[in-house]
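# Per-entry structural report
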Amino acid sequence: MPRSVNSVAKRARRKKVLKQAKGYFGRRKNVWTVAKNAVDKAMQYSYRDRRNKKRTFRALWIQRINAGARQHGMSYSKFMGALKANNIELNRKVLADLAMNNPEAFEAIVNKVK
């Protein structure tokens, strides 16, 4: 009896990977072995960087809040401690947005916690 191979599934699997590699440069977009490695690596990077993105945004928000607080004579840590003491529950994302786009509202918050 002849050997049976599932070429349909094999082709579908390869097509899926080559579709994911669309837009890559050179052989990475159309040669199966190269494309498979490139897509695997890209998936690792995307998994890692979905987590890193959260860290980098938090760091950016902290820098913006710190800059806004220092304009009103407070450090970031003193400002955040005062917010907690006064039970003002605004997260860093909102505070950073206020500090950057609505300085009057941010100044009102700073004056309230001083």
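Residues numbered from 1 in each chain as written. Predicted model: local features only at pLDDT ≥ 70, side-chain atom pairs only at ≥ 80, totals over all residues. Heavy atoms only, no water.

Note the cut-off: UniProt positions are given in the numbering used here, feature names are shortened, and annotations may be inferred rather than shown by experiment.
As annotated in an unreviewed UniProt entry, the chain is Large ribosomal subunit protein bL20 from Corallibacter vietnamensis. Per UniProt, the comment on the chain under Function (unreviewed entry) is "Binds directly to 23S ribosomal RNA and is necessary for the in vitro assembly process of the 50S ribosomal subunit. It is not involved in the protein synthesizing functions of that subunit." Its UniProt record gives the chain a comment under Sequence similarities (unreviewed entry), which states: "Belongs to the bacterial ribosomal protein bL20 family."

## Some words on the packing of aromatic side chains
Heads up, the rule is: Only rings of Phe, Tyr and Trp enter the pairing, Trp through its six-membered ring, and a pair is recorded when the two centres are within 6.5 Å. The plane angle decides the type: under 30 degrees is stacked, over 60 is edge-to-face, the rest tilted. In this text, helices come from DSSP runs of H or I with a minimum length of four residues, and strands from runs of E with a minimum of two, each type numbered from the N-terminal end. Partly exposed describes any residue whose relative accessible area lies between the buried limit of under 20% and the exposed limit of over 50%, with all areas from a 1.4 Å probe on protein chains only and scaled to the type maximum.
Applying the stated rule across the entire model yields 2 aromatic pairs. Aromatic pair Phe-57 and Trp-61: ring centres 6.1 Å apart, planes at 45°, arrangement tilted. Of this pair, Phe-57 and Trp-61 both sit in helix H2 (residues 32-70), 4 residues apart, which is roughly one turn of the helix. Residue Trp-61 is classed as partly exposed on the basis of its relative accessible area of 23%. Between Phe-79 and Phe-106, the ring centres sit 5.3 Å apart and the planes meet at 50°, which makes this aromatic pair tilted. With a gap of 27 residues between them, Phe-79 in helix H3 (residues 76-85) and Phe-106 in helix H5 (residues 103-113) connect regions that are remote in the sequence. Owing to a relative accessible area of 0%, Phe-79 belongs among the buried residues under this scheme. Take Phe-106: its relative accessible area is 2%, and that puts it in the buried class.

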